[in-house]
Amino acid sequence: MTSFEADANDISCPVDFQNDKMHVAINLPEVKINLEAKGGCRVEDPIFGACISKTNVSGTTNTVLSGAKLEFDITEGQLLGTETPAAPLFTKPVNSVPPEGDIKASIGCLATLCDIIVTPVAALVNLIAGDNLIPVIGFGQTIDIHFEGEIGSSAPDPIALEKIKVDEQEVEGTGQKLSAVLSEVRITPQGLVAGLKGNFETLTIDPEVEPTPGAVHTPAPIPSLPVNGTDEVFVALADDTFNQFFASMAMSGRLKTGCSDTGKTLGDLLPADCEALSIGVCSDNDTISCKSDSDCSGSCLESPVKTVIAKGACYGFKGANCTALPLGQRVVCNATKDKLAAININAGQSLLFCAREDIPPRLLIHDDNATTEVETSVRLNDLSVALVVDRNGNGQLEGALSSTHNCLAQDAPTTGDCSFFGACLDLNIQTGMQLATSQCGNDPSIICNANSDCASVGGTCDQVCDGGDPGFLTRVISVQPTIRSLGVVCGGAISTGDDDLLANTSGQDTTINMMLQNANRFAPPACIKGLDLGGFVQFKDPKLISIDTDGDATFDDYLGLSGKVD
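Residues numbered from 1 in each chain as written. Predicted model: local features only at pLDDT ≥ 70, side-chain atom pairs only at ≥ 80, totals over all residues. Heavy atoms only, no water.

S.K.: Before we move on, could you go through the overall build of the protein and cite the residues and values that matter?
M.R.: For the protein, the count of helices and strands is ten helices and 27 strands. Considering only residue pairs separated by 6 or more positions, the protein has 71% of its internal contacts joining residues 24 or more positions apart. In the form shown here, the protein has an accessible surface area of approximately 28,100 Å², with 50% of it arising from carbon and sulfur atoms. (Helix = DSSP H or I, 4+ residues; strand = E, 2+ residues; numbered from the N terminus. Contact = heavy atoms within 4.5 Å. Areas by Shrake-Rupley, 256 points an atom, 1.4 Å probe, with all protein chains shown as cover.)

Encoded structure:
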C-alpha cells in the first residue's frame, strides 16, 4: 500500500435516543487506496544451476472504498455495570469506483516449465486487481478490531460518565474526601440523565467539636427531561452535596475558629462624636441592650442612664479631658481611664476578628430568573464572633476562642489576648453563585481575565480551578444577622455590666462589616471535571442554572452548568 486518503471531516455520528438505550452509528468517510505490486521469482535446476523459469510482476492499482459503518447500542444497564455490552456491528466498505491500474507479469527461461508457475501468479494478479481486494490487504479486519477499541463501545462506560464529578483534589484541599458512584441512569427519546451518589469523608475529626446531627438531608429526585433553561447538556449538584460538605468541614474543625487581622485598632471602633451615642434597652427585658427593634422580642427604647455611661466611657477611651464633661459622664470618664490603665488596654492596640461555627451551615437555592447569577443563601446558627485585642501584636489568637477572657471582666488577666466584644449570632448570608474560570486572589468575589482587572484590590488574576476548568464562585450580596446574645460568644454567660455598654455598641457594626468581608470562607468554589466526556465531546458556552425537582417552589434542589457540545 503506497497511500491511504480519507477526509476526517466526512465522519458523522448520529445518536438515536430510545427508551432504555441509545443507538450510535459512526459513518466512516470514503477512502482511496493506492497499491503497488513488484517483485519476481526464479527457479533453477538443482543439479546444473541453470534457470528453468523466471517470473516478474510489476504495476500499480487503486480503488475507492465507501459505506463503512460501525453501529452499537449503549444501554442503561451497560452504564450501570449490570449488563455486558453487545458486540458492535461493522459494515465493511465496498468498491464505489471500479479499480484502476495495470499490473503486468513477464515470463522467462524455459517457458514449458513456467506454465506451472504462471498459473498461480496470474491468479494472484487477478486477486489484487479484482473485487476481492479488501480481504487481501486486511483493511476490514483492521477497522473491525481497532476502531471499536478507540471508540470504547465495548467498555462498561463508553461515554465516560464517571468522569463528570466535583474535582476531588479541590475537595481534599479543604480536608475532605469525596467519593461518588453512578447510581441511576435514565435514557428516553428526550436524552440521557445520569445520577451519581456522593459521600463525604472527613479526613481528620476534631475532638473539641461538639457532636451535631450533621447536615439537613433533603433528597430530591434526579431531573427528568426536558429541563427548562438548559442547553444540549447539563451537569448539576444537589444542595445536599454542599450541605454535606459543610457538615464534614465542621466535624474536622475547619469552621471551629478562624481569626484574621482587621487592620483596625480599638480606637477605630469609637464613634467620631461621642455625643452621637444612644443606648437602648429592650422593652420586654431592660437588661438587654439594643440598637433597634430587631434586637428585641419587643421594641428597643432609649435608656438615658446607659446613654450617659456609654458617652462617658467613650471620652475616657479617647483620653479626653474628663473635667469638662457633665457630672455623670465625668465620673464614668475618669473611671474608664483608671480601669484601662490597670488592665493594660489602650486605644492603639490591634484587633483580631474571630469566628467559630460548630453547627454546619446550610445552603438554600432560590434563583431569580431575571439575573445571570443563581441566588442562594447560607444560613448559620449559633455563630460565635468576637473582636479580640491582640495585646502582643502577633496577629494570631492565643488559645481557643471559647476560653479567651473578657478584657473588661472582673479580675481579668492583664497580659495575653482578650475579647473586647463578643456575640452569638444567627446569620443569613445572601449570595449570588457565578460561573468563572478566574478570580482576583485578593478578592475572590471579583471575576477577572487579566491582572489589570484586579487593580482596585491589588494582586493577581488566578484560576478558580486548576487547568482553567469552570467552577462555582460565590459573591456575597448581604449579611443579615440576628443577635441571640450580645457581649459574649455562644454558650458563655451573659454579662450586663456597665463596662460592656461601649464595647457592645461600638463592636456590633464592626463585627457585621467583618462578617461581610469574611463570608466567602463559608462557600469555597466547586470545580467541575470531565465535561468533555473523556475527550468524546467539547463543552461550549457554559452557563449557571438551578433546577427544582421536588415540586416545592420555595427552594430549588440542584445547582449546575449547562452548555452545548460539539
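S.K.: Let's hear about the nonpolar core: which residues, and what values?
M.R.: In terms of nonpolar packing, the biggest core is built from 45 residues, with Leu-266, Ile-345, Val-389, Phe-420, Phe-472 and Leu-559 touching the most fellow members. Looking at this core element by element, the count peaks at eight residues for strand S20 (residues 418-436). Residues Ile-26, Ala-68, Ile-74 and Val-185 belong to the second largest nonpolar core, which totals twelve residues. (Core = buried A, V, L, I, M, F, W, Y, C linked by side-chain atoms within 4.5 Å. Buried < 20%, exposed > 50% of the residue type's maximum accessible area, 1.4 Å probe, protein only.)

S.K.: Kindly report on the side chain of Thr-431, identifying the contributing residues and their values.
M.R.: Take Thr-431: it is sitting in strand S20. With relative accessibility at 2%, the residue Thr-431 sits in the buried group. Here Thr-376 takes part through its side chain, which lies 2.3 Å from a polar atom of the side chain of Thr-431. If sequence neighbours within four positions are ignored, Thr-431 has contacts with Val-374, Glu-375, Thr-376, Ser-377, Thr-474, Arg-475, Val-476 and Ile-477. (Polar contact = N/O pair within 3.5 Å; in protein donor to acceptor, adjacent residues only side chain to side chain.)

S.K.: Help me get a handle on the pairing of strand S3 (residues 21-27), residues and values and all.
M.R.: In terms of strand pairing, strand S2 (residues 15-18) meets S3 through four bridges, oriented antiparallel. Residue Gln-18 lies in a different strand from S3, and its bridge partner there is Lys-21. Joining the antiparallel neighbours S2 and S3 is a turn of two residues, in which Asp-20 adopts a positive phi near 75 degrees. Bridge count for S3 against strand S6 (residues 69-75) is seven bridges, and the pairing is antiparallel. The partner of Asn-27 across the bridge, within S6, is Lys-69. (Pairing = 2+ DSSP bridges.)

S.K.: Lay out the pattern of salt bridges with the relevant residues and their values.
M.R.: Enumeration over the complete set of coordinates arrives at four salt bridges. Between Lys-21 and Asp-73 there is a salt bridge whose closest N-O contact spans 3.4 Å. Of this pair, Lys-21 sits in strand S3 while Asp-73 sits in strand S6, placing them 52 residues apart in sequence. (Salt bridge = Lys/Arg side-chain N within 4 Å of Asp/Glu carboxyl O.)

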